[in-house]
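# Working through the structure, step by step
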Amino acid sequence: RHTRSVSAFLLNRSSDLVNVNAAFIYNYFRLPDDYNQKENQRFTPSLGLLNQFQLGKNWALELSCSYNGKMATGQATIHPLYEMNMGVEKKILGGNGSIKLFGHDIFHLYHLKMDLSTPTQQASTSERDNRLMVGLSFSYKFGRGMNLQKRHQDNSENENKRINL
């Protein structure tokens, strides 16, 4: 198995982020001699895209998409897979809290199809599960980060004094 990957972070504005990931995978499998198909090999692209957008001061939108191309896995070949996720976030409580509404596989794109080879027969499967998930989350920052930053600054000053003695 050989893998090559590429990542890129792109900023549209200071508050927006676009993250693009790409991996290129080559799988090679030599099957036993009693199989009709002697080898299963495939070059598979895998792509991911994440977009984060600020919508005003207290609102944010996140959209992610993924694609895995046709893949060789031993005696099976898996057809391409797709998925799309989305979330909306609202900052509350002076920016210390947030509420996020999110959805996974919002367009029911994930559809698992597979072809399987055995010495005596060929088989195909097609599964379409309802993978849709919708959720609501709440998070709150208790301010510990401010204390840690001040403590780190105090430690740095003490360390400088110790070295300069």
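Summary of the structure given here. (Residues numbered from 1 in each chain as written. Predicted model: local features only at pLDDT ≥ 70, side-chain atom pairs only at ≥ 80, totals over all residues. Heavy atoms only, no water.)

## Some words on the pattern of salt bridges
The final tally for this structure, using the stated rule, is two salt bridges. Between Lys100 and Glu62 there is a salt bridge, and its shortest N-O distance comes to 3.9 Å. One end of the pair, Lys100, is in strand β8 (residues 97-104); the other, Glu62, is in strand β4 (residues 59-68), and 38 residues separate them in sequence. Between Glu83 and Arg131 there is a salt bridge, with the nearest N and O atoms lying 3.2 Å from each other. Of this pair, Glu83 sits in strand β7 (residues 81-92) while Arg131 sits in the loop between β10 (122-127) and β11 (133-140); the two residues are 48 residues apart in sequence, bridging distant segments of the chain. Residue classification places Arg131 among the partly exposed positions, given a relative accessible area of 37%. (Salt bridge = Lys/Arg side-chain N within 4 Å of Asp/Glu carboxyl O. Helix = DSSP H or I, 4+ residues; strand = E, 2+ residues; numbered from the N terminus. Buried < 20%, exposed > 50% of the residue type's maximum accessible area, 1.4 Å probe, protein only.)

## What to know about the sheet that holds strand β6 (residues 76-78)
Across the sheet, four strands lie side by side as β5-β6-β9-β10; this open sheet has antiparallel pairing. Across the chains shown, the open sheet's two edge strands, defined by having one partner strand only, are β5 (71-73) and β10. When the angles between neighbouring strand axes are averaged without regard to direction, this sheet yields 20°. (Pairing = 2+ DSSP bridges. Axes fitted to C-alpha atoms, helices over the stretch in contact; angles between N-to-C directions.)

## So, the pairing of strand β3 (residues 39-54)
Both faces of the sheet carry side chains from a regular strand, because those side chains alternate between them. Here 14 bridges tie strand β2 (residues 17-30) to β3, and the two strands are oriented antiparallel to one another. Within the sheet, the bridge partner assigned to Tyr26 lies in β3 and is Phe43. Here β3 folds back onto β4, and the loop between the two strands holds four residues, one of which, Gly56, carries a positive phi near 80°.

## As for the environment of Leu55
Here Leu55 is to be found in the loop between β3 and β4. For Leu55, a relative accessible area of 45% puts it in the partly exposed group. Distance in space between the C-alpha atoms of Leu55 and Glu89 is 9.6 Å, their sequence separation being 34 residues.

## A word on the pairing of β7
Direction of pairing for β4 relative to β7: antiparallel, over a ladder of 10 bridges. Bridge pairing in β7 links Glu62 to Gly87. Across seven bridges, β7 lies against β8 in antiparallel orientation. Within β8, the residue paired with Val88 across the bridge is Leu101. Between β7 and β8, which follow one another and run antiparallel, lie four residues, and Leu93 among them has a positive phi close to 55°.

## Some points on the environment of Phe24
Within the element layout of this structure, Phe24 appears in strand β2. Sequence separation of Phe24 and Phe43 is 19 residues, and the distance between their C-alpha atoms is 7.1 Å.

## Notes on the side chain of Ser46
Position of Ser46 relative to the elements: it lies in strand β3. In terms of polar contacts, Ser46 uses its side chain to reach the side chain of Asn68, at 2.5 Å. When sequence neighbours within four positions are dropped, the list of residues in contact with Ser46 reads Asn21, Ala22, Ala23, Tyr67 and Asn68. (Polar contact = N/O pair within 3.5 Å; in protein donor to acceptor, adjacent residues only side chain to side chain. Contact = heavy atoms within 4.5 Å.)

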